[in-house]
Structure formats: structure tokens, C-alpha cells
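# Fold and contact review
Here is what each chain is made of, one letter per residue.
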Amino acid sequence: MEKPMEKKEIRSMSEFPDELLLKILNLLPTKDAVATSVLSKRWISLWKELNAFRYDGDTVESLDLKINPYSTNKYINYLVNIAVARSLRKLRVEMVCGSFEFPKSLFIHSNLETVILEKVSLEDPPLDARFVCLKSLHLLSVRFSSDDSFTNVVVFTIDVPTLRSLCVDNSVGESRPEGVHGFVIRTPLLRWFSIKDRFSNYLRFEDMPELVKASVSVVCESQPEPYLGSLASTQYLSLCSQTAYPPDGISFLSLEHLELCSCSSEWWNLLTLILNDAPRLRVLKLNLYQEHCAQHDGMVSWNQPSSVPECLSSHLEILEWRQYKGTETEREAAKYILANGSHLKKAAFYSESAEKQGMLKELECVARDSCTFVFE
């Protein structure tokens, strides 16, 4: 006679199989399901396997999505619609799959203040799309999937009057698109701006009078718009550009920190123009001959200012010069800054030349006693 099977007594929910636990978690509001991750090691990631999301609160502050090949628009759009209805403030999307289409509610009815899109391939947004509350926008390798987007809309316009922070990364890819392509940016309240662009041949930035910090690294082969003029109000400027040139009559009255690389063969003349029009400049960093920069003969000519710029005689405190080669024009320029930098507190030169000692003695004898001199 067979013995009856003994029933195993379950003393804790943690002894339930995952399948049953997921069914239970699916019945809970999402915030409560996520809270179970603190129960034990087994529960840490269990909630991430849920195929439904529910939220019973009044607002959703932030939604972070990493869309994988097994995700479908149906479930993602359901979640986004709920978040938008709950006054979603911040949306971050990273995609590792094919093209994706957001629900129309995201573009029309949202209160989004921050949008971060990374490695995203999107279907075309609706023509009446608008983000009336947007303050921060990050576009990192964003593409539109339909062919019509690339053939008909090659100059993208970012027109957001409320935007305070903008990051554009258009540096990933193997070939440059044909025809005119680039960006028009209209963001009058922008305070923080970063653009890294290897492919555009048309850039136009409209006035940014509230700008505080700007980082511009672009390769614009054709004649560009004088976009430097729109950055004139910034306090911090990092510039890497082959053809950037400030338009006549523009002053950088608030500029205190300038970083410049040698992408342009006329980089020193560009610097001279900025020095003459940046009376409050305190920090100057020259980072020359970087790998991504265009190849040229370095500082081949230099037009010495007709009079000592006000920033040299009154404000400049820190000079940093990387990849210093000690060419004749470089030595002339370096000695000019050291001799006329009345308020210089530190001057640092970094060189890989075998003639370091001779360079050191030549510059050290020009530097003022009040200036800490570093040569590495």
C-alpha cells in the first residue's frame, strides 16, 4: 500500500515559486511592488520582471526606461500614458532595439520638464508636438526611423522658449549625410548648453542672453553661421571648432573661463579677438594638437594685439597650455601673455618635447615673481 504524499508546509512567501510571486506583485501598485526589493536578495530584482505597471498616487516625478528587443509599444505606451496623466516631470529613455513610437499624449498634454533620449530611433512625432514646460533636453545619438525624415527634414529645429539646459550629441556614425544638414536652436532662456557634432554642415544658434556655460565641439566644413555671437553672454566657454569666428562688434563681457583647442589653423587669431573683447577673463586653457583636431602646421602666424588686452593687465589669474611644442610663434605668444599678465597667479605648460629644459628657462625668465610657474 502506497504511502500518501506528504504536504510541504510553506512558512514564508519567499518559498513561493517566482511565477506565483509575480502574479501577486502584478496585483499591487507599482510603487508597492518596487518596495519589496528590500525584503531579501531574492526580491531585489523580482519586480523588474513585471509585465504590468500600476500607480495609485497623484503624480509621477520620474520615469526611466531601457527598452529592449522584447518590449512592445503596447506596454510601454500604456506606462507612459499613465505617467503623463500623473504629471510626469522627468523622462529618460535608452533604447537597444528597433524604432519606437511614443503615444501622442507625451507630445501634446505633458508637463515634462526634463527629457533625456539616448540611442533612440523614433518614429516621426506629430506635427503639433510641443513641450510647453520643458527646461532640460538631452539628445544623445537620436535618429528618426523613416526615410522621409532624413530626406525632407535634414535641418532640425529645437524651438523651446522655456528650455534651460540642452545637450546635443551628433558624433556617432560612420558617414556624413548628403546635402545640407544641421541644427537651428532657438532657446532664449538657455543657461547650460553642450553640443558635440561631427556631421552637420549648417549650424545656427539664436541669441542666448541667459547663457552661463557653453561647450561647443563641432566639425562644420562649409561656411557656418556666426554662432559664436549667440554665446557672447556666457561665463564659461569651451570651444573646439575648425571654422568658428566671432562676428564684428561682439563682446564677451561676462566671460571668465575659456578653453580653446587648435582645430582651426587660425586659432590664435581667434583667441586674440576673444581676449580683446573679454575684459573679465580669469582662466585661460589652451589644449592643442588633440587627436580629433584637424591636422595643420600649428601656430603658423600670430597677430599681436595693438595694445595689451584689459583681461591680461587686470584679471587673468590662471594660464594652462597643453601640448606646448615651443615653435617660434608659440614662444612669442607665450612670452607675451606671461609678460603682460599682471595678475597671473599660476602658469602651467605641458610638453613632450625633448628640449624641455631650454623651453623652461626661456619662459621662466619672463614670468613675474608673483606667478607660480609649472613646466611638465
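Preceding this section is the structure that the text describes.
A short tour of the structure in this document, coming up. All values derive from a computational prediction rather than experimental measurement.

Read across the sheet, three strands follow the order β7-β9-β11 without closing on themselves; strand pairing throughout is parallel. Of all the strands in the sheet, the pair left with one neighbour each is β7 (155-159) and β11 (202-205). Sheet twist, expressed as the average angle between the axes of neighbouring strands with direction ignored, equals 10°. Pairing of β7 with strand β9 (residues 182-186), which is carried by five bridges, proceeds in the parallel orientation. Residue pairing in the sheet places F156 in a bridge with F183 of β9.

Turning next to the packing of aromatic side chains. Each aromatic ring pair is characterised by the separation of its centres together with the angle its planes make. Evaluation of the coordinates by the stated rule reveals eight aromatic pairs. Ring geometry for Y324 versus F349: centroids 5.2 Å apart, planes at 75°, classification edge-to-face. Within this pair, whereas Y324 is found in the loop between β16 (318-322) and α8 (328-340), its partner F349 is found in strand β17 (residues 346-349), the two being separated by 25 residues in sequence. Pair check on accessibility: Y324 and F349 agree, each one buried. Seen in terms of ring centroids, F349 and F375 are 6.3 Å apart; in terms of plane orientation they differ by 15°. Their pairing is stacked. One end of the pair, F349, is in strand β17; the other, F375, is in strand β18 (residues 372-375), with 26 residues separating them in the sequence. Residue F375 is classed as buried on the basis of its relative accessible area of 16%. Aromatic rings pair up to connect W321, Y324, F349, F373 and F375 into one cluster. Above the plane of the ring of W192 lies R191, whose end atom (NZ or CZ) is 5.4 Å from the centre. R322 extends its terminal NZ or CZ atom over the ring of Y350, reaching a point 4.1 Å from the ring centre.

Among the secondary structure elements, A354 is positioned in the loop between β17 and α9 (356-364). Relative accessible area serves as the criterion here: at 86%, A354 is assigned to the exposed category. C-alpha separation for the pair A354 and K325, spaced 29 residues apart in sequence, amounts to 9.7 Å.

The subject of this paragraph is the pairing of strand β3 (residues 114-118). In terms of burial, β3 is largely enclosed, as five of its five residues are buried. Here β3 shows a buried face lined by T114, I116 and E118 and a second buried face lined by V115 and L117. The pairing of strand β2 (residues 90-95) with β3 spans five bridges and is parallel. Counterpart to V93 in the pairing with β3 is L117. Here β3 pairs with strand β5 (residues 136-140) via five bridges, running parallel.

Rules used throughout
- Here the residue numbering is sequential within each chain, running from 1 through the sequence in written order.
- Thresholds applied to this predicted model are a pLDDT of at least 70 for local features of residues and 80 or more for the giving and counting of side-chain atom pairs; totals over whole chains, interfaces and linings are not thresholded and use all residues.
- The basis for every side-chain value is the complete set of heavy atoms in the structure, and neither hydrogens nor water enter the calculation.
- When DSSP finds at least two bridges between two strands, those strands are taken to pair.
- For helices the rule is a DSSP run of H or I covering at least 4 residues; for strands it is a run of E covering at least 2, with both sets numbered from the N terminus onward.
- A fitted line through C-alpha atoms serves as each axis, taken over the contacting stretch for helices, and the angle formed by two N-to-C directions is quoted from 0 to 180°.
- Aromatic rings from Phe, Tyr and Trp, taking only the six-membered ring of Trp, are treated as a pair when their centres fall within 6.5 Å; an angle between ring planes under 30 degrees marks them as stacked, one over 60 as edge-to-face, and anything in between as tilted.
- Exposure is judged per residue with a 1.4 Å probe applied to protein chains only, and the accessible area is read against the type maximum: over 50% gives exposed, under 20% gives buried, and values in between give partly exposed.
- A ring has a charge above it when a Lys NZ or an Arg CZ is no more than 6 Å from the ring centre and no more than 35 degrees off the ring normal.

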